[in-house]
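# A look at the structure
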There are 4 protein chains.
Amino acid sequence: MANKETRQLSSFQRKWHHILFEGNSTQGRIFDIILLLAILTSVAVVMMESVVPLQRRYEHLFHLLEWIFTILFTIEYIFRIWCSYQPKKYIFSFYGLVDLLCILPSYVEAMYGNTHFLLTIRVLRLMRIFRVFKLIPFLDESKYLVTAIQRSRRKIFVFLFFILLFTMVLGTIMYVIESGKNSDFTSIPISVYWAIVTLTTVGYGDIAPITPLGQAFSALIMIMGYAIIAVPTGIVTVEMNKIHRAETATSKSCLGCSATGLDADSQYCKFCGTKL
Amino acid sequence: MANKETRQLSSFQRKWHHILFEGNSTQGRIFDIILLLAILTSVAVVMMESVVPLQRRYEHLFHLLEWIFTILFTIEYIFRIWCSYQPKKYIFSFYGLVDLLCILPSYVEAMYGNTHFLLTIRVLRLMRIFRVFKLIPFLDESKYLVTAIQRSRRKIFVFLFFILLFTMVLGTIMYVIESGKNSDFTSIPISVYWAIVTLTTVGYGDIAPITPLGQAFSALIMIMGYAIIAVPTGIVTVEMNKIHRAETATSKSCLGCSATGLDADSQYCKFCGTKL
Amino acid sequence: MANKETRQLSSFQRKWHHILFEGNSTQGRIFDIILLLAILTSVAVVMMESVVPLQRRYEHLFHLLEWIFTILFTIEYIFRIWCSYQPKKYIFSFYGLVDLLCILPSYVEAMYGNTHFLLTIRVLRLMRIFRVFKLIPFLDESKYLVTAIQRSRRKIFVFLFFILLFTMVLGTIMYVIESGKNSDFTSIPISVYWAIVTLTTVGYGDIAPITPLGQAFSALIMIMGYAIIAVPTGIVTVEMNKIHRAETATSKSCLGCSATGLDADSQYCKFCGTKL
Amino acid sequence: MANKETRQLSSFQRKWHHILFEGNSTQGRIFDIILLLAILTSVAVVMMESVVPLQRRYEHLFHLLEWIFTILFTIEYIFRIWCSYQPKKYIFSFYGLVDLLCILPSYVEAMYGNTHFLLTIRVLRLMRIFRVFKLIPFLDESKYLVTAIQRSRRKIFVFLFFILLFTMVLGTIMYVIESGKNSDFTSIPISVYWAIVTLTTVGYGDIAPITPLGQAFSALIMIMGYAIIAVPTGIVTVEMNKIHRAETATSKSCLGCSATGLDADSQYCKFCGTKL
């Protein structure tokens, strides 16, 4: 693959590569903070543009700001390609595509004007928010959280699968109980939606049972939801505890067999029997 | 009991028994995945049939799909009986009855047409969802969750019993406070339903206090609910921690110094250096 | 005090004392189960009596059942006094007063008929539910829960006191933001009630912010509530963990100084130095 | 700085300094309890004054009470300055400013009468509630809670930052799905507000999805919210566990065999029997 070929960069390009892609130097950190502020401001502008009264009043200001950000992000995008050791790899990476999709909508809008897909195109500019996630790995705390979530991932997915099947059963029972008497429970999917709203303790109240049996049954669901919420919490807590214990684990090491991670109260290496 | 008699099966039957009932071979896993997809699709069809606009538009398609699934599941059901070592045991087992109830409704509907019980009969087809639970034990994660829940079961039941009694007391007090001034609190059972909705933090808002005293009292209930939710979470977390510790538990003991509780991967006693 | 005097009971009274007050014999357990069913049925009757349509239809049945329960509980009450070693102590104990208050309302109603306080008097019969709590200590699981809650009690009270002060601050800020523009936020107490409803994630929706600033501020409260709910859960989990660890603690004991509760991996008593 | 200069106080001033600022003597505790009651009563008065019917009825009583509290707190404020070793330091400290702001509104109101900012000025009197926080450090339990929260602080902030970005993404997707069909989702900020209400399981119901796709998507958000709530709980529980373990931590080590991590109450090394 051409992606594997590593380009030769000039020292100027190498310096910028360091700033743009690594971010653990002082200059890199300053660039990241400026970028973060630019992203958040541009996201705020797109959001405010969707508010009709604000849009009417500040239309020209929003338009101007939008173009300033588009041009800035375009320059940054071109710079990133130019400074990359493997430009193709960057362009087709997840963040490379996000970077491109963040600047395209403005150009498309400028070219085709008031098209039918205008709203969707405008909203695409909000993909800029994904660029913030790129900066998150530099936070130490996020590593801890990401590790805990990653390790709990499979258990939580199985749990959520259980919950989905469970809410289908609950929704169907509720449909049989309420349909005919209550105009809210019009179909099974709506009843399943209601069961999810209730079991997760969200409780909008847009759909609510009115028959005594339905109310008794939904009281049962709520009480179950109150107990079930304990399961993901338990999973994550245990995983976090594991990580914490692994971090504080006493790591006596053996001179005989170079084993590491031995218990703090070991007197002999448990692998080769050497006295520590 | 006749159930105890074990039939002799031909090698062809034995092979299918393996695929249908055990599912840890490659063929068994493929069959399970196909079955899972068929079950989920048939469940989706039954759900969509309950949505009036979709039902009107795709009536014939739904009818066709329903018969395809019914015939497929009937073939599977007959096959399961034919391949079973103890057919009677299978037929009268929980999953055997579920398998039968999943195909019966379509035949009943075909025979009796538009009867009064049509809705209930149709909904019975959704029992197919229980067939998915049969496939769950093959997931490793589910064992962990099921063990944690089983061990917490008694404590959580006692806790929920407490909560039920507690909500009865709260509901009654609220009935005395609000009835007469608020048309929502018509009876004690309704007030208990409201107390459950509030304590579990669901909060539909279909019934809400309007008197100052009632609002103060419900604020108190909410704050208590906020603290009480900690109890099932604590129970489940402790149980999961126990399981985790048991998994990593040290189960070797030393013959030299009688030390117990050595790590499972120890080759030498960490206290006296004796080879285990 | 006269309460300290212990009566001499006949062997018949002693036998009944055993059944009525101790409940760890077979007869005592049977009596407790019958009593539990009687209490729950009588509570269900009082609850259903408050539902207007049921009350109209089954008035005579409810009246009859009420008198049967009243007479049964009266006999039980007299029996308890008669079998008690210290009758006065029982009469003025919490459960003695509850037992009395459970039977009084029916007699008061019979004597004074349709008085103004009828509703309150009738509702007092629901105090029977407190009698169920008397039976709970016989459940092993409840001990565990009660211990965990008792030990967390002080921490949770301090936490709830914090939360109350915090919701007062939040409610006041919201009152300044929304009052004048939103007819829901009529006063500071109502705003504090709203802050509690929001922070505890109940969210009735009877009072909801409508100004953009108010919505932004309430979004902030919700996110804080999402994080704050972790605190009581953490408290209870840690306490339950402590209890669990204390239960499974390895209790090697020393022959030299009779010390107990030594670590499982101890080779010498940590108090007197005797080799174990 | 002038703040560093420590004044000479008379023995009378020193005695009052002890009572006002330290609060661990009997007199100090009595003063704190009286002050706490005065603060809570004055807060209750300000709150009740905002309720229109109460305000009309008890206007004169509220006015009188307000002046009594203002004069009392003014005397206390002057006393605190007079008894302080470094008056300037106290005046410009956080609690010094709070103490001043608690008494100023009444004087401002008296001078300028019914001004436009009357409401805001009156509400400022509720800052008195912050004075209660000053008394909290004297509770042992609060130290434990404050430590646990402080240690979890950074992790929880990173988590809440994730959640905010996440709800922006969810709100934007929902805006694309529902806008045009649902009059509730008028702009992206409103949709983000809805996403926060849903993810945190508050669920007011003032804004609710009506399209099938929107309902399916919000069901997904709810189920995610159900799992995500586990993260802050896990963080706090692990931190509390750490504190608990540190409190009971073993801090003795043996000179004979260099064993570390022995129980704090050990008198002899449990591994080699050496007297510690």
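Note that the structure is a prediction, hence the values are computed from the model and not measured. (Residues numbered from 1 in each chain as written. Chains lettered and ligands numbered in written order. Predicted model: local features only at pLDDT ≥ 70, side-chain atom pairs only at ≥ 80, totals over all residues. Heavy atoms only, no water.)

Here the focus is the overall build of chain A. Scanning chain A for helices and strands turns up 12 helices and 0 strands. Put simply, chain A runs from its N terminus to its C terminus through helices and strands in the order α-α-α-α-α-α-α-α-α-α-α-α. When each of the 276 residues of chain A is scored for burial, the buried share is 50%. Here the analysis covers contacts within chain A between residues at least 6 apart in sequence; of these, 57% occur between residues at least 24 apart. (Helix = DSSP H or I, 4+ residues; strand = E, 2+ residues; numbered from the N terminus. Buried < 20%, exposed > 50% of the residue type's maximum accessible area, 1.4 Å probe, protein only. Contact = heavy atoms within 4.5 Å.)

Contacts between chain C and chain B engage 50 residues on the former and 48 residues on the latter. Of the roughly 4,400 Å² buried where chain C meets chain B, counting both sides, 77% is carbon and sulfur surface. Linking chain C with chain B are 0 salt bridges, by the criterion used here. Where chain C touches chain B, the interface holds 5 residue pairs in polar contact (both at pLDDT 80 or more). When residues of the side of chain C that touches chain B are traced back to their parent elements, those giving at least two are α2 (26-49), α7 (118-124), α8 (128-135), α9 (140-178), α10 (188-199), α11 (212-228) and α12 (230-248) of chain C. Looking at the side of chain C that touches chain B, the element that brings in the most residues is α9 of chain C, giving 11 residues. (Buried area = accessible area lost by both parts, 1.4 Å probe. Salt bridge = Lys/Arg side-chain N within 4 Å of Asp/Glu carboxyl O. Polar contact = N/O pair within 3.5 Å; in protein donor to acceptor, adjacent residues only side chain to side chain.)

All right, on to unusual backbone geometry then. All names here are of chain B. The backbone phi angle of Thr201 is positive, close to 60°, even though this residue is not glycine. Locating Thr201 in the fold gives a position in the loop between α10 (188-199) and α11 (212-228). A relative accessible area of 3% places Thr201 in the buried class.

What follows concerns the relation of the copies chain D and chain C. The operation relating chain D to chain C is a screw motion whose rotation component is 90°, with 0.0 Å of axial translation and a residual RMSD of 0.1 Å. Taken together, the rotation and translation describe the operation of a four-fold axis. (Least-squares fit on C-alpha atoms with pLDDT ≥ 70 in both.)

Now for a nonpolar patch on the surface. Taken together, the side chains of Tyr58, Leu61, Leu64, Ile68 and Leu72 of chain A make up a nonpolar region of the molecular surface, amounting to roughly 460 Å² of accessible area. Among the structural elements, Tyr58 of chain A can be located in the loop between α3 (52-57) and α4 (59-83). (Patch = residues over 30% accessible without salt bridge, like charges linked within 9 Å, V, L, I, M, F, W, Y side chains within 5 Å. Areas by Shrake-Rupley, 256 points an atom, 1.4 Å probe, with all protein chains shown as cover.)

What follows covers the relation of the copies chain C and chain B. A rotation about an axis combined with a shift along that same axis relates the two copies of the chain. Superposition of chain C onto chain B requires a rotation of 90° combined with a translation of 0.0 Å along the rotation axis, giving an RMSD of 0.1 Å. An asymmetric contact is evident, with only 20% of the interface residues of chain C recurring at the interface of chain B.

Turning next to α8 of chain C. Burial analysis of α8 of chain C places 7 of its 8 residues in the buried class, the great majority of the element. Those residues of α8 of chain C not exposed but buried are Arg128, Ile129, Arg131, Val132, Phe133, Lys134 and Leu135 of chain C. Taken together, the buried residues of α8 of chain C touch α9 (140-178) of chain B together with α2, α4 (59-83) and α6 (94-112) of chain C.

Residues and elements named next belong to chain B. A full pass over the atoms with the stated rule returns 22 salt bridges over all chains. With a closest N to O distance of 2.7 Å, Glu76 and Arg80 form a salt bridge. Taken together, the positions of Glu76 and Arg80, both in helix α4 (residues 59-83) and 4 residues apart, correspond to about one turn of that helix. Given a relative accessible area of 7%, Glu76 falls into the buried group.

Turning our eyes to something else, we now look at the interface of chain D and chain C. The partner chain C presents 56 residues to the 57 residues of chain D that form the contact. Roughly 5,000 Å² is buried in total at the junction of chain D and chain C, and carbon and sulfur atoms are behind 72% of that figure. Here chain D is connected to chain C by 0 salt bridges. Where chain D meets chain C, there are 5 residue pairs in polar contact (both at pLDDT 80 or more). Every element with two or more residues in the side of chain D that touches chain C is listed here: α2 (26-49), α7 (118-124), α8 (128-135), α9 (140-178), α10 (188-199), α11 (212-228) and α12 (230-247) of chain D. In terms of residue count, the dominant contributor to the side of chain D that touches chain C is α9 of chain D (11 residues).

On to the nonpolar core, then. Within the largest apolar cluster, 255 residues are counted, with the highest numbers of intra-cluster contacts made by Met240 of chain A, Met240 of chain B, Met240 of chain C together with Met240 of chain D. In terms of residue count, the dominant contributor to this core is α9 of chain B (15 residues). Setting aside residues no more than four positions away along its own chain, Met240 of chain B makes contact with Val231, Gly234, Ile235 and Val238 of chain A together with Tyr144, Leu145 and Ala148 of chain B. (Core = buried A, V, L, I, M, F, W, Y, C linked by side-chain atoms within 4.5 Å.)

On to the confidence of the model for chain A. Per-chain confidence: chain A averages 81 in pLDDT, with 82% of residues scoring 70 or above. The ipTM assigned to the predicted complex is 0.81, against a pTM of 0.83. (pLDDT = per-residue confidence, 0-100.)

In this section: the packing of aromatic side chains. A full pass over the atoms with the stated rule returns 40 aromatic pairs over all chains. Ring centres 5.2 Å apart and planes at 65° place the aromatic pair Phe94 of chain C and Tyr95 of chain C in the edge-to-face group. Taking the centre distance of 5.0 Å and the plane angle of 80° together, the rings of Trp16 of chain D and Phe79 of chain D count as edge-to-face. Of this pair, Trp16 of chain D sits in helix α1 (residues 11-22) while Phe79 of chain D sits in helix α4 (residues 59-83), and the two are 63 residues apart along the sequence. Each member of the aromatic cluster is reached from another via a ring pair, and the members are Phe12, Trp16, Phe79 and Trp82 of chain A. In this arrangement the basic side chain of Arg131 of chain D is found over the ring face of Phe73 of chain D, its NZ or CZ atom lying 5.2 Å from the centre. (Phe/Tyr/Trp six-rings, centres within 6.5 Å; stacked < 30°, edge-to-face > 60°. Lys NZ or Arg CZ within 6 Å of the ring centre and 35° of its normal.)

Take the domain arrangement of chain A next. The domains assigned to chain A are domain 1 (11-135) and domain 2 (142-249). For domain 1 of chain A versus domain 2 of chain A, the distance between C-alpha centres works out to 37 Å. (Domains from an automatic or database assignment.)

This next bit is on the packing of α2 of chain D against α8 of chain D. Two packed helices can be described by the angle between their axes and the distance between those axes. Residue and element names in this part refer to chain D. Closest axis-to-axis distance for the α2/α8 pair is 9 Å, and the angle between their directions is 155°. Taken together, α2 and α8 sit at an angle that is classed as roughly antiparallel. α8 is crossed by α2, and the crossing has left-handed handedness. Contact residues: α2 offers Asp32, Leu35, Leu36, Ile39, Leu40, Ser42, Val43 and Val46, while α8 offers Arg128, Ile129, Arg131, Val132 and Leu135. A breakdown of the residues in the contact of α2 with α8 according to their chemical character gives 9 nonpolar, 1 polar and 3 charged. (Axes fitted to C-alpha atoms, helices over the stretch in contact; angles between N-to-C directions. Parallel < 35°, antiparallel > 145°, perpendicular 65-115°, else oblique. Left-handed = near helix turned anticlockwise from the far one by under 90°. Nonpolar A, V, L, I, M, F, W, Y, C, P; charged D, E, K, R; others polar.)

Here we come to the environment of Val52 of chain C. When you line up the elements, Val52 of chain C lands in helix α3 (residues 52-57). Distance from Val52 of chain C to Lys242 of chain C, taken between C-alpha atoms, is 50 Å for residues 190 residues apart in sequence.

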